[in-house]
Amino acid sequence: MRSHYCGQLNESLIDQEVTLCGWVHRRRDHGGVIFLDLRDRDGIAQVVVDPDTPDAFATADRARNEFVLRIRGRVRSRPEGTQNPNMPTGMIEVLAKQVEVLNTAATPPFQLDEYNKVGEEVRLKYRYIDLRRPDMIEKLRLRSRISHSVRAYLESQGFLDIETPILTRATPEGARDYLVPSRTHEGHFFALPQSPQLFKQLLMVSGFDRYYQIAKCFRDEDLRADRQPEFTQIDLEASFVDENDIMLITERMIRQLFSDVLKVELPDFPRMPYAEAMRRYGSDKPDLRIPLELIDVDDLMKGVDFKVFSGPANADDGRVAALKVTGGATLSRKEIDEYTKFVGIYGAKGLAWIKVNERAKGLEGLQSPIVKFMEGIVESLLDRVGAQDGDIIFFGADKINVVNEAIGALRVKLGENLNLYTQEWAPLWVVDFPMFEADDNGRLSALHHPFTAPSCSGDELKANPAKALSRAYDMVLNGTELGGGSIRIHDQVMQRKVFEVLGIGEEEAEEKFGFLLDALQYGAPPHGGLAFGLDRLVMLMTGARTIREVIAFPKTQSAACLMTDAPGEVTQDQLKDLHIRLRHKQKAAPDNE
Ligand code: ASP
């Protein structure tokens, strides 16, 4: 129907006849001449319709915003003085010969022809209209280029694109499952995959050697932060590899992707043990663009006459850490109060600080509510953090995880607020994760997932599970975890040991993962892999503010789709077919509706 996209028109087409199809972005009547800005996914072209072509003129006259038109006309230079250098097609216009209305449009729920602040609810309800906006088109276009680049790279490295089932059994990744009741097997349920983890491992047992998939994953998580119940992973797995191989393959993939799509050459990817990341940054996904570090001062605080510090400094599970901000002494009382409130979100009970006004003056030259307790150690403290005049030092003193979370988050917040970034992109690998984490009752769960290989022997693992490290690795970029993976257990005995440590008994292991344990007996090769969160990757690369901005049809924070009104109610007939009776809410729609 068309010869060109609107946005493709330029001066090289002058005097040529073109046919465009698109939406009326804006219509203006200028003293007998009608100007139509016609929009399609590639951009906007200015169409001029004059009364010399009466049919075209009459049609253009009744066109309204968002009408769908087909226009045939001749490209010409815009008259001197009317060019618009800010617009890609701003040097030309199309003089219409024929204007055809392909469809009319009701007045849209929000204007598209000028910037207009629209609430997210409205945008999500009318997502198909929201997606007409150039910035949304741009993000989805970039997303498409990203998956294309990733596919091209992985194919070039011999990875095969293989689909795995959506209706399956639970694959534990630490979230709740979405369940689908079976009609044909009364009382039985499918689970939607939290990831293709087990299937990709089985593909390795089959001998496919290198697998990848751009896969939908489903996790019924508490919807804090910026998560989606269904999201997309770039998932891959390879056989006869160690962690170094997987890290190199995927690092090259991300490098190539940034180079292809953003023309950015990423710097080196340092590798940092988990323990070091927690100690220096209070986080297992440190943002290395920010040059601030947590510095341990427990040894200095053990003897101070200030319980808030000496308590955690002397406790096995406590930590006292300092965070020095160069030049931060200019922060106002009000700003410090706000940071105190901020660390409270992470469980910190307060935020102690020292301003270093004039170091040479000793205690006199410091300004702080706590400095009176620091006599005797203050010089060592200032030396330890390398304090100079004009700096501020913040302190976190509490249980280790509270200090890490609170001061780690404060570090990021200060980096953002004071714009301390030293580089645009800071990637790294975090390695040597613990195998397990303990909850408040001491129950262990897998930090990655239960199929991750430990880096110690089975006996060592059983003797001291809390100390065991895993062969897992995470790729982190600018403080965001882009992806994570591990070398897997390919030995049935080891897999059983890990289940045992996790408190998954023989029977439960057979019931849930019998097929995996079986498969491990039939010649499972050493293997490992990784999965990237595609949505988050696109978000970083487009600079989008939320993950919803880079998904065509996202769900809300409460896991609903405002456009289709999903999840929806079902009829009694459907429930009956599924052998389900609702306990509380007998509000299913009547039969045969
Ligand atoms: N299945 C893992 C995840 O979803 C990734 C991996 O281990 O490959 O996090």
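In the block above lies the structure referred to throughout.
Given the structure is predicted, the values throughout are model-derived calculations rather than measurements. The numbers attached to residues start from 1 for each chain and follow its sequence in the written order. Per-residue local features of the predicted model are confined to residues with pLDDT of at least 70, and side-chain atom pairs are confined, for both listing and counting, to 80 or more; whole-chain, interface and lining totals are unaffected and use all residues. Hydrogens and water molecules were not included; the side-chain quantities draw on all heavy atoms of the structure.

Points about the packing of aromatic side chains
And step 1. Note on aromatic contacts: the rings of Phe and Tyr and the six-membered ring of Trp form a pair at centre separations within 6.5 Å, being stacked when their planes are under 30 degrees apart, edge-to-face when over 60 apart, and tilted otherwise. Under the counting rule described, the total for this entry stands at twelve aromatic pairs.
And step 2. Between the aromatic rings of Tyr 339 and Phe 394, the centroid separation amounts to 6.4 Å while the plane-to-plane angle is 65°, which identifies the pairing as edge-to-face. You can see Tyr 339 sitting in helix α10 (residues 333–344) and its partner Phe 394 sitting in strand β16 (residues 392–399), a full 55 residues away along the chain.
And step 3. Relative accessibility decides the category of a residue: with a 1.4 Å probe and only protein chains considered, values under 20% of the type maximum give buried, values over 50% give exposed, and everything between is partly exposed. The buried category is assigned to Phe 394, whose relative accessible area is 0%.
And step 4. Taken together through their ring pairs, the aromatic side chains of Phe 306, Phe 309, Phe 373 and Phe 395 make up a single cluster.
And step 5. To sit over a ring, a charge needs its Lys NZ or Arg CZ within 6 Å of the ring centre and within 35 degrees of the ring normal. Stacked on the ring of Tyr 126, the Lys or Arg Lys 125 has its end atom at 5.7 Å from the ring centre.
And step 6. Across the ring face of Tyr 421, the terminal group of Arg 289 is positioned such that the distance to the ring centre comes to 4.2 Å. Helix numbering and strand numbering both begin at the N terminus, where a helix is a DSSP run of H or I of at least 4 residues and a strand a DSSP run of E of at least 2.

Quick notes on the site of the ligand
And step 1. Around the ligand sit 14 residues, and of these Glu 173, Gln 197, Lys 200, His 448 and Arg 488 come closest.
And step 2. In the analysis that follows, any N or O atom pair within 3.5 Å is treated as a polar contact, provided that within protein one partner can donate a hydrogen and the other can accept it, and provided that, for residues neighboring in sequence, both atoms belong to side chains. At 2.7 Å, a side-chain N or O of Gln 197 approaches a nitrogen atom of the ligand.
And step 3. Here Leu 530 contributes a backbone N or O atom positioned 3.4 Å from an oxygen atom of the ligand.
And step 4. When isolated, the ligand has an accessible area of 270 Å², and the protein chains bury 92% of it.
And step 5. Elements with a contribution of two residues or more to the shell around the ligand: α5 (197–206), β21 (480–487) and β22 (527–533).
And step 6. When residues in the shell around the ligand are grouped by element, the largest group, three residues, is from β22.
And step 7. Taken together, the residues of the shell around the ligand sort by class into two nonpolar, eight polar and four charged. Any residue with a non-hydrogen atom lying within 4 Å of a molecule or strand is treated as near it. Only the protein chains shown count as covering a residue, and every accessible area follows the Shrake-Rupley method with a 1.4 Å probe. Residue polarity is assigned by list, with Asp, Glu, Lys and Arg as charged and Ala, Val, Leu, Ile, Met, Phe, Trp, Tyr, Cys and Pro as nonpolar; anything else, Gly included, falls into the polar class.

Some thoughts on the sheet that holds strand β15 (residues 366–367)
And step 1. Paired strands are those between which DSSP finds at least two bridges. The strand order β12-β13-β16-β14-β15 describes an open sheet built from five strands, whose pairing is antiparallel. One side of each edge strand has no neighbouring strand; the edge strands of this open sheet are β12 (294–296) and β15.
And step 2. What makes two residues a contact is simply this: any of their non-hydrogen atoms within 4.5 Å. Axes, fitted as lines to C-alpha atoms, cover a helix only where it is in contact. Angles between the N-to-C directions of the axes lie from 0 to 180 degrees. Lying on the sheet, helix α7 (residues 274–281) is in contact with β12 and β13 (318–325); it crosses β12 at an angle near 95°.

A few points about the sheet that holds strand β1 (residues 17–30)
And step 1. If you trace the five strands once around the closed barrel, you get β1-β2-β3-β5-β4, paired in mixed fashion. Adjacent strand axes in the sheet meet at a mean angle of 55°, parallel and antiparallel pairs treated alike.
And step 2. Here two bridges tie strand β3 (residues 43–49) to strand β5 (residues 92–103), and the two strands are oriented parallel to one another. Paired with Val 48 across the bridge in β5 is Leu 95.
And step 3. Sheet contacts for helix α1 (residues 54–62): β1, β2 (33–40), β3 and β5; angle to β5, the most-contacted strand, approximately 70°.

Observations concerning the side chain of Gln 46
And step 1. Note that Gln 46 resides in strand β3.
And step 2. For Gln 46, the side chain forms a polar contact with the side chain of Glu 93, separated by 2.9 Å.

A look at the environment of Pro 196
And step 1. Relative to the elements of secondary structure, Pro 196 occurs in the loop between β8 (189–191) and α5.
And step 2. The buried category is assigned to Pro 196, whose relative accessible area is 4%.
And step 3. In the structure, Pro 196 is positioned 32 residues away from Thr 164 in sequence and 6.6 Å away in space, judged by C-alpha atoms.

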